[in-house]
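Observations on the three-dimensional arrangement
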Amino acid sequence: MSLLNWLEHRTKDAVFGLCRLFFRKGRTPAPAIDGARISKVLFLRPEKIGDMVISLPVFDALRTRYPHIRISVLASPRNVALIRNDSRFERIFIYRKWQWEDFRQLAAVRREHFDCVIDMIDNDSVTALFFSQLAGKRSVRIGVGKTRHAIFYDYNHIHSDGIGEHIVDNTLKLLAPFGINGSTVSGFAPPFMTAEARAKAEAAVAIDPPGTLRFGFNLSAGKPNRIWPREKVIALCRALISWKADSRIVLISMPSDRRNAEEVAAEAGDRVRLAPAGMGLIEVSALIARLDLLISPDTSLIHIARSFQIPVVGLYNRAAKNFRRWQPYRQPDGAVVGADDDTIADISVDRVFERVKQVLARMKAGQE
């Protein structure tokens, strides 16, 4: 942990120690929630893109059961692009890690007088606790994975770590206080696609001949140790287009990796091309929805692909945190796990190629 992060955590702990004297503890027994009488719910999700993606089924399930409930969300600068134009939400607030704007956001949250606040951060987050406490004097508060802070929530759902339950299915259990059985609702909920995003994605694939088998390869990842070596990407691309004469490969990357993607495309062959420049997250999501299979070392795009039920082959290191919870949703053959704890560089081209063939064979057999 860096010195800056250490100071941030210690400052939060000190402030929490002072403020907890004034925080309202959870009610025992927890108040019954009558969804028919609830009108406004706030979800706290100021985290990564993948965290927001796996939350979409929760929002959809609540809206399906209680269409009258107006849903708002506290997002982060990292994940707000996924939901900025999403009609699921009445209001979107953004938390920027205690910048001055956050106090204005908090004031705006308080003015809404939410009936219920659902804290989706599955640890003792001081930030989420502050927002949950200050969102409304009598709001019902639902948390997940709380230990020290559990006493401040009316409901506290405990994640079933280590027993193989996927994070999507587990997160749906947050709706139990509303009388919604998470196991009875769909865990597939794609991001909202704007008409402009759909049009750009359609234009990007319109150049392919009818019947094209379209692979996507995401070159970028949140951490350097999650990036697959370029020479292996090139070798895999060549293997795929040699194997399937009707195939095309679309390379997806962050803007900072665009030069690398251009070099990969130039070396891999004329059936390998880049996703159009300037695509935002929603436009990339719309493009992923038009793939036949996505290969990626980054879990955010894996979650987006699975939300559309697009088959994936994800690349993971051996020490990937809570792999069982975060693996490709409802696709047991969707991962290739390396032998190294720190990097995916040891994963061979042959292993990925064979996994792609396995997934496509199962798709052809109608098992997807």
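Since the structure is predicted, the reported quantities are computational estimates derived from the model, not experimental observations. Counting restarts for each chain: residues are numbered from 1 in the order of the written sequence. In view of the model being predicted, local features appear only for residues whose pLDDT reaches at least 70, and side-chain atom pairs are presented and counted only at 80 or more, with totals across whole chains, interfaces and linings using the full set of residues. Derived side-chain values reflect all non-hydrogen atoms in the structure, with water molecules and hydrogen atoms excluded from consideration.

1. Looking at the overall build of the chain
Applied cut-off: Each helix is a run of DSSP H or I of at least 4 residues and each strand a run of E of at least 2, with the numbering of both proceeding from the N terminus. It is over C-alpha atoms that the radius of gyration is taken, and the globule rule equals 2.2 Å times the number of residues to the power 0.38. For each residue, the accessible area found with a 1.4 Å probe, counting protein chains only, is set against the maximum for its type, and the residue is called buried under 20%, exposed over 50%, and partly exposed in between. The method behind every accessible area is Shrake-Rupley, applied with a 1.4 Å probe, and residues are considered shielded solely by the protein chains displayed. Asp and Glu count as negative and Lys and Arg as positive, but His and the ends of the chain are not part of the count. To locate a charge, the coordinates of NZ of Lys, CZ of Arg, CG of Asp or CD of Glu are taken.
If you tally the helices and strands in the chain, you get 13 helices and twelve strands. Against the compact-globule benchmark of 21 Å for 368 residues, the chain has a radius of gyration of 22 Å, which places it among compact chains. Per-residue burial over the chain gives 53% buried out of 368 residues. As displayed, the chain has an accessible area near 17000 Å², and 54% of this comes from carbon and sulfur atoms. Considering the chain, the positive charge centre built from 54 side chains and the negative charge centre built from 40 side chains are found 5 Å apart.

2. Comments concerning the sheet that holds strand 10 (residues 293-296)
We count it as follows: Strand pairing is defined by DSSP finding a minimum of two bridges between the two strands. Structural elements are reduced to axes, namely lines fitted to C-alpha atoms, with helices fitted over the stretch in contact, and the angle between N-to-C directions of any two is expressed from 0 to 180 degrees.
The sheet built from six strands is open, its strands ordered 9-8-7-10-11-12 with parallel pairing. Looking along the sheet, the strands with just one partner apiece sit at the ends: strand 9 (272-274) and strand 12 (335-337). Across the sheet, the axes of successive neighbouring strands diverge by a mean angle of 20°, strand direction being ignored. Pairing analysis gives three bridges linking strand 11 (residues 312-316) to strand 12, with the strands arranged parallel. Residue Gly-314 lies in a different strand from strand 12, and its bridge partner there is Ala-335.

3. Regarding the nonpolar core
The following threshold applies: In this description, a nonpolar core means a group of buried Ala, Val, Leu, Ile, Met, Phe, Trp, Tyr and Cys residues linked to one another through side-chain atoms lying within 4.5 Å. Residue contacts are counted whenever heavy atoms from the two residues lie within 4.5 Å of one another.
One finds Val-41, Phe-43, Leu-62, Leu-82, Ile-118, Phe-178 and Ile-288 to be the most contacted residues of the largest nonpolar core, which totals 64 residues. If one sorts the elements of this core by residue count, helix 10 (residues 281-288) sits on top with six residues. Those residues in contact with Phe-178 that sit more than four places away from it in its chain are Ile-33, Val-41, Leu-62, Arg-65, Tyr-66, Cys-116, Ile-118 and Ile-142. Judged by nonpolar contacts, the second largest core, of 32 residues, contains Trp-228, Val-349, Val-352 and Leu-360.

4. Side note on the pattern of salt bridges
Short version of the rule: By convention in these notes, a salt bridge is any Lys or Arg side-chain nitrogen within 4 Å of a carboxyl oxygen on Asp or Glu.
Summed over all chains, the structure comprises 24 salt bridges. Ionic pairing is found between Glu-90 and Arg-70, a salt bridge with its closest N-O pair at 3.8 Å. With Glu-90 in strand 3 (residues 89-94) and Arg-70 in strand 2 (residues 70-75), the pair connects residues that are 20 residues apart, well separated along the chain. The salt bridge involving Glu-165 is made with Lys-173; its shortest N-O contact spans 3.1 Å.

5. As for the sheet that holds strand 5 (residues 140-144)
Taken in spatial order, the six strands line up as 3-2-1-4-5-6 in an open sheet, and their pairing is parallel. For this open sheet the edge positions go to strand 3 and strand 6 (155-157), each flanked by a neighbour on one side alone. With strand direction ignored, the average angle separating the axes of adjacent strands in the sheet is 15°. For strand 4 (residues 116-119) and strand 5, the ladder comprises three bridges, and the chain directions are parallel. Of the residues in strand 5, the one forming a bridge with Cys-116 is Val-140.

6. A short note on helix 4 (residues 100-112)
As a reminder, the rule being used: What the arc covers is the set of directions going from the helix axis to the C-beta atoms.
Where helix 4 is concerned, the buried positions are Asp-102, Gln-105, Leu-106, Ala-108, Val-109 and Glu-112. Projected down its long axis, helix 4 carries its buried residues within an arc of 160°, all on one side. In helix 4, the exposed residues that point more than 90 degrees away from the buried face are Trp-100, Arg-104 and Arg-111.

7. Remarks on the packing of aromatic side chains
Stated precisely, the cut-off is as follows: Only centres within 6.5 Å qualify two rings of Phe, Tyr or Trp (six-membered ring in Trp) as a pair; their planes then separate them into stacked at under 30 degrees, edge-to-face at over 60, and tilted for everything else. Whether a charge sits over a ring depends on NZ of Lys or CZ of Arg being within 6 Å of the ring centre and within 35 degrees of the ring normal.
Inspection of every chain in the model, using the stated rule, returns ten aromatic pairs. Considering the side-chain rings of Phe-217 and Trp-228, the 6.1 Å spacing of their centres and the 20° angle between planes classify their relative orientation as stacked. Remark: Trp-228 occurs in the loop between strand 7 (213-218) and helix 8 (230-243) and Phe-217 occurs in strand 7; sequence separation between them is eleven residues. When sorted by exposure, Phe-217 lands in the same class as Trp-228, which is buried. By way of ring pairs, the aromatic residues Phe-23, Phe-130 and Phe-152 are connected into one cluster. Here Lys-244 stacks its cationic end above the ring of Trp-243, 4.7 Å away from the centre of that ring.

8. A look at the packing of helix 10 against helix 11 (residues 299-307)
Just so we agree on the cut-off: Any angle that falls under 35 degrees is termed roughly parallel, while one over 145 is termed roughly antiparallel, one within 65 to 115 roughly perpendicular, and all others oblique. Two helices crossing with the near one rotated counterclockwise from the far one by less than a right angle form a left-handed crossing, whereas a clockwise rotation gives a right-handed crossing. All residues other than Ala, Val, Leu, Ile, Met, Phe, Trp, Tyr, Cys, Pro, Asp, Glu, Lys and Arg, Gly among them, are scored as polar; the first ten of these are nonpolar and the last four charged.
Contact pair helix 10 / helix 11: the axes reach a minimum separation of 9 Å and the direction vectors enclose 55°. Taken together, the axes of helix 10 and helix 11 are oblique relative to one another. The handedness of the crossing between helix 10 and helix 11 is right-handed. Between helix 10 and helix 11, the residues in contact are Leu-281, Ser-285 and Ile-288 and Leu-301, Ile-304 and Ala-305, respectively. When grouped by side-chain class, the residues that make up the contact of helix 10 with helix 11 number five nonpolar, one polar and no charged.

9. Quick look at the pairing of strand 10
Taking every second residue as pointing to the same face, both faces of strand 10 are buried, with Leu-293 and Ile-295 on one and Leu-294 and Ser-296 on the other. As defined by bridge partners, strand 7 adjoins strand 10 across three bridges and the pair is classed as parallel. Paired with Phe-217 across the bridge in strand 10 is Ile-295. Taken together, the three bridges between strand 10 and strand 11 define a ladder with parallel strand orientation. For Ile-295, the partnering residue across the bridge sits in strand 11 and is Val-313.

10. Some thoughts on helix 7 (residues 195-205)
Spacing of three or four residues puts side chains on the same side of an α-helix, whose turn is 3.6 residues. Within helix 7 the residues assigned to the buried category are Ala-197, Ala-201, Ala-204 and Val-205. Angular distribution of buried residues about the axis of helix 7 spans 90°; they occupy a single face of the element. For helix 7, the exposed residues set more than 90 degrees away from the buried face come down to Ala-195, Glu-196 and Ala-203. Against the buried residues of helix 7 lie strand 7, strand 9 and helix 10.

None of this, on its own, says anything about what the molecule does.
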